Amino acid sequence: MVAIMIACGETLTHVGEWNRECGEIPSADRGSIGDGNPFSLTFGRREFLLPFGQTTIGRGPDTEIVLDSRSISRRHARITVDDEGVTIEDAGSKNGTFVDGVRIEGPMQITPASRIRLGQAWITLVMVERSR
């Protein structure tokens, strides 16, 4: 079994719990993250595990990953993790989604080396190291 936790500041929260201090709902309990998904997303000092399948990102409370930044739309982008890798797609945001300095118009493959910006906020795709 793999133990996965989400870090927020100095607090560690088990996946699936509501993290009131950080204002996020960890979404990793929706997918097969324990079955081998190796990706997370960082925003500042916050880290969000990405489940297999689609995850919505935005400022609104109805998204799986809630990021508190005025330049991020309520439903800003979608990240999809599948057998082919990880893609990001803008969800009709006002300020755009950018990969490596280019505003994307459709799904775009991303890697940990990709420079990703939602509006004026930078996020990073990370390979998760796991304990056995």
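Check the entry above for the structure.
Residues numbered from 1 in each chain as written. Predicted model: local features only at pLDDT ≥ 70, side-chain atom pairs only at ≥ 80, totals over all residues. Heavy atoms only, no water.

Points about the pairing of strand β5 (residues 53-58)
Move 1: Pairing analysis gives five bridges linking β5 to strand β7 (residues 77-82), with the strands arranged antiparallel. What sits directly across from Gly-53, in β7, is Val-81. (Pairing = 2+ DSSP bridges. Helix = DSSP H or I, 4+ residues; strand = E, 2+ residues; numbered from the N terminus.)

Description of the pairing of strand β4 (residues 46-49)
Move 1: Alignment of strand β3 (residues 39-43) against β4, held across four bridges, turns out to be antiparallel. Each residue of the ladder has a partner; that of Thr-42, found in β4, is Glu-47.
Move 2: What sits between β3 and β4 in their antiparallel hairpin is a turn of two residues, with Gly-44 showing a positive phi close to 65 degrees.

A word on the environment of Thr-97
Move 1: Tracing the chain through its elements places Thr-97 in strand β9 (residues 97-99).
Move 2: Taking relative accessible area as the criterion, Thr-97 reaches 0% and is therefore assigned buried.
Move 3: Thr-97 has contacts with His-76, Ala-77, Ile-88, Asp-90, Val-102, Arg-103, Ile-104, Arg-117 and Leu-118, leaving out every residue within four places of it along the chain.
Move 4: Side-chain polar atoms of Thr-97 contact the side chain of Asp-90, separated by 2.6 Å. (Buried < 20%, exposed > 50% of the residue type's maximum accessible area, 1.4 Å probe, protein only. Contact = heavy atoms within 4.5 Å. Polar contact = N/O pair within 3.5 Å; in protein donor to acceptor, adjacent residues only side chain to side chain.)

A closer look at the nonpolar core
Note that soluble globular proteins tend to have their nonpolar side chains buried in a common cluster.
Move 1: Leu-50, Leu-67, Ile-79, Ile-88, Leu-118 and Ile-123 are the most contacted members of the largest nonpolar core, which totals 22 residues.
Move 2: Broken down by secondary-structure element, the contributors of at least two residues to this core are β3, β7, β8 (85-90), β12 (116-118) and β13 (121-127).
Move 3: Aside from chain neighbours lying at most four places away, what touches Ile-79 is Leu-41, Leu-50, Gly-53, Gln-54, Thr-55, Ile-57, Val-86, Thr-87 and Ile-88. (Core = buried A, V, L, I, M, F, W, Y, C linked by side-chain atoms within 4.5 Å.)

Some remarks on unusual backbone geometry
Move 1: The phi dihedral of Asp-100 falls on the positive side, at around 50 degrees, and the residue is not glycine.
Move 2: Here Asp-100 is to be found in the loop between β9 and β10 (102-103).
Move 3: With a relative accessible area of 44%, Asp-100 lands in the partly exposed category.

Some thoughts on the pattern of salt bridges
Move 1: Taken as a whole and assessed by the stated rule, the structure comprises two salt bridges.
Move 2: Between Arg-75 and Asp-62 there is a salt bridge, and its shortest N-O distance comes to 3.6 Å. Separated by 13 residues along the polypeptide, Arg-75 in the loop between β6 (65-66) and β7 and Asp-62 in the loop between β5 and β6 bring together distant segments of the chain.
Move 3: Residue classification places Arg-75 among the partly exposed residues on the basis of a relative accessible area of 40%.
Move 4: In this structure, the salt-bridge partner of Arg-78 is Glu-89, at a minimum N-O distance of 3.7 Å. In this pair, Arg-78 sits in strand β7 while Glu-89 sits in strand β8, placing the two residues eleven residues apart along the sequence. (Salt bridge = Lys/Arg side-chain N within 4 Å of Asp/Glu carboxyl O.)

Regarding the environment of Val-86
Move 1: Along the chain, the position of Val-86 falls in strand β8.
Move 2: Look at Val-86 and you get buried, because its relative accessible area is 1%.
Move 3: As a C-alpha pair, Val-86 and Ile-110 span 24 residues in sequence and 5.7 Å in three-dimensional space.

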